[in-house]
Structures are given as C-alpha cells and as structure tokens.
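# Observations on the three-dimensional arrangement
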Amino acid sequence: MAYKYFPHTEADITEMLARIGVSTLDDLFSDVPECIRFRKEYNLPEAKSELEVRELFARLAGANKVLTCFAGAGVYDHYTPSVIPSIVQRSEFLTSYTPYQAEISQGTLHYIFEYQSMMSELTGMAISNASMYDGASATAEAVLMANAAAKKANRVLVSKTVEDRTLNVILTYAHFHGVEIDLIEATDGATDFADMNAKLEAGGVAGVVLQQPNKYGVVEDFTGVADACHAKKAMMIVNSVAADLALLRTPGEWGADIAVGDVQSLGVPMSFGGPYAGYMCCTEKLMRKLPGRIVGCTRDTEGRRCFVLTLQAREQHIRREKATSNICSNQSLMALWVTIYMSLMGKQGVKEAAQLSYDGAHYMQEQLLATGKFAPRFDRPFFNEFCVTYSGDVDALQRHLAENGILGGVKIDSNTIMFAVTEKRSKEEIDRVVELSKEI
C-alpha cells in the first residue's frame, strides 16, 4: 500500500466484498443513478510531506487578521488556562464512545459526574444532564420537555429578548413537533411582563422561556415570574450565560423549572463558532423527563466509589419513538473542557473572572458616554455587555476600529452597537477603543 495510514489492505477489501456478495467497490453504489454520479478526476493537490502541510496551514493562518475582541452576543473571548488542552487528551478521558460499559469508562463517567455536580451548583438546580449540543438546542429541548410534561397545553411563550439564533432553533424544533410558539413583547430592552401575564391568563401555556442576561445584555428582574407561571401550570425556563451565574441570581433562586444555556463562557475558545456545548438542569421533579444522559455515583461490590449511567429508561436509545428527545451522545469533550476549567479556576476564580468582566464593561460604558458621541440605548442594569447609540455612522466606526486591530462590538440596528467586555480586556485596550472612537 502506498499510504501506510489506510486501515484496509487490498486483501482486506477483497475479503469484505466477497463476504457481502459484490465484486467491486463500485457495486456498493449501484443504486445511485449513473446520471448523477461524478466520473471526472478530483481536483486534489499532490501529496505533501508533513513539513509541507504544516507550512501550508501556517501560510493560510497568516492570512487571518487577529483582532482584539469587544464583541459578544452569545460568544465571548474568555481566558483559557493553558493546561486544559493537555489534560483533555489524557487516555482516561479522550474517547468518542458513549460510556455504556461502566467498568471500562470510569474516567469519562467520573468527569461527567463532576460536570453535572458543578452545573447543578452554578445554576442552583437539583439535577444536570451530561451536556447538550449547544445552548440554542438545549433551549429548544427544554421547550419540548415542557410541552411533553403539559397535559392540556400546547403553547410555549418565548420572550423577544431571547437571542435571535436561539429563537430560530426553538421555532424549528417546535414546527416539527407541533408546538405553538407565542412571542412575548419587549419594552425598553426587557421582557414585557404585563404582556406575559396576559398571555398566561389566556391559558393553554406549557412553558415560558426567558433569557438572563438577555440578548441586549440587560439583566432582567424575574421577581414573581415563577409564581405567575406555576399558577397557570406552566414551566419557567431560563437561558443564561453560564459564567455570569457566578455572580447573578441563579435560575434556581428565581424558581425556574429548567435552566439552559451555553457553557462557552466557561473557558471554551471562540474557535470561529464552535464546537461548544449546552447545559440543561432541572428540578428533581422533572429528572425523568430530562433528555440525554445522567451519571450517578454508587459503590461497587467491594465498596469502592464508582460511576454509572442512571435512569436509563429516559434515554432515546431505550424509549425510541416515545422519547421526548433524540439526543444520545454529544461532544462531551467540551463538557470535560469546562469541568477542568471550573476545577482549575475554583469558585473564587470563576467569580473573579465574572467580576472583572462586569467592572470592565461598566468602565467602558462610562468612558464612551463621556466622549459625547454615545448614549445609553436602554436604561437598564447590565452585566458585561451593553448597548449604546452612536451619533455617527456605526459602519464607519466599526471599520475604523477593525483597521486598528479591534473587533468593535455587534451592530444591533442603524445607530446601536453592543459591546462586550471579558476579564481578558485590559484598561489600555478599553481606552484605545474610546480614543479611536473620537477620531471619526
């Protein structure tokens, strides 16, 4: 064989073809109409050595312009301890296989158990599953979960302050599961609770989805929302930026039934959009409705602490068409990543990172307002992300910042920018944005 890394020899292939009763590999595609089959030569480059491949990718990477990030909208430039990439590659953790066989999967089961424990504490909820694909799909799964638990309701209310990408995923899931989505109006950048209460009074509501902080960075006051939902037998679902819960009141403290969101803010690099992972936590009452896996801690026959998958009847691979979700395995690698992150940072470290992000954002807003070119878009409290209106051309400002090495926020509308600040942003970097904004 010319390529030593190919897993099958010619003899292997011949033996396999004979076993299934065909003569050539082309016979495997006999059901594909000839008119749509590609018969030309592939436009592939010549084989390269490892050194040449590394040089090629180095040139491609060199074409990227690395900017100092002041943009957020669901993805944030947080610090990643350098040891994490090494730890996640340890043999007891690194596997793509779902840990059904507990006796050979203790490493995977152990970190999932620790992940669940940490996420339960972070959200103030009783139960966490073993992570979801991302924050948006976790929120959509929570909608289906609320709908499945409701007996005489088929409508879920979603605040218009929920992030747009998350809302689109909810709408997609709901469409194919026959769930009606009703949007709650927003007033001055926050959920209109009068509108929410009116829609709850109309009846037939299985759940209410809110976001904290919301898509404008606003920290909303959910006082009384859980009581209003529960009075109408509806579930309260809260989507939160995971890292912010180190300082903000948790979904559990608000009385939420389900807490969801993305864990990207817990040290996961932005990586051009992924991979990330979603979290889903709930009350003990709902644990049998929770999609995905749950890992439990027990003792073996010799009394040693060990870990197992538990409540398996809730799994898609058991319940199949009766399951409320089809999630079975996912990128648990990212759950491992945030578990190591939280272990390394500790409670105090996670809180300090959140506090630095909060302080930096409030300092930046003050400095921008002082230029006279910006004004607050909403008169609301915020955490590490805020919206300001700009008196000039937003596009021109963002171009000027980019030309000077800065990703200058997210454009919300024709005259509004949303800036995000994390613990990685220094006072000098913030001051530079402010000075550059004066030049336009």
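Cut-off values and rules
- Residues numbered from 1 in each chain as written.
- Predicted model: local features only at pLDDT ≥ 70, side-chain atom pairs only at ≥ 80, totals over all residues.
- Heavy atoms only, no water.
- Salt bridge = Lys/Arg side-chain N within 4 Å of Asp/Glu carboxyl O.
- Helix = DSSP H or I, 4+ residues; strand = E, 2+ residues; numbered from the N terminus.
- Buried < 20%, exposed > 50% of the residue type's maximum accessible area, 1.4 Å probe, protein only.
- Pairing = 2+ DSSP bridges.
- Right-handed = clockwise from strand over helix to strand, strands pointing away.

Okay, the pattern of salt bridges next. By the definition in use, this model includes 21 salt bridges. For the salt bridge of E121 with K347, the shortest nitrogen-to-oxygen distance reads 2.7 Å. Placement of the pair is E121 in helix α4 (residues 106-123) and K347 in helix α11 (residues 332-370), with a sequence separation of 226 residues. A relative accessible area of 52% places E121 in the exposed class. Taking relative accessible area as the criterion, K347 reaches 59% and is therefore assigned exposed. A salt bridge links R380 to D188, with the nearest nitrogen and oxygen atoms 3.5 Å apart.

For strand β3 (residues 155-159), the buried fraction is high: five of the five residues fall into the buried class. The alternating pattern of β3 places R155, L157 and S159 on one face and V156 and V158 on the opposite face, and all of these are buried. Bridge count for β3 against strand β4 (residues 180-184) is five bridges, and the pairing is parallel. Paired with V158 across the two strands is L183, which belongs to β4. The parallel pair β3 and β4, bridged by helix α6 (residues 164-177), forms a crossover whose chirality is right-handed. Relative to strand β7 (residues 205-212), β3 is paired through four bridges, and the arrangement is parallel. When the bridges of β7 are listed, R155 appears paired with V205.

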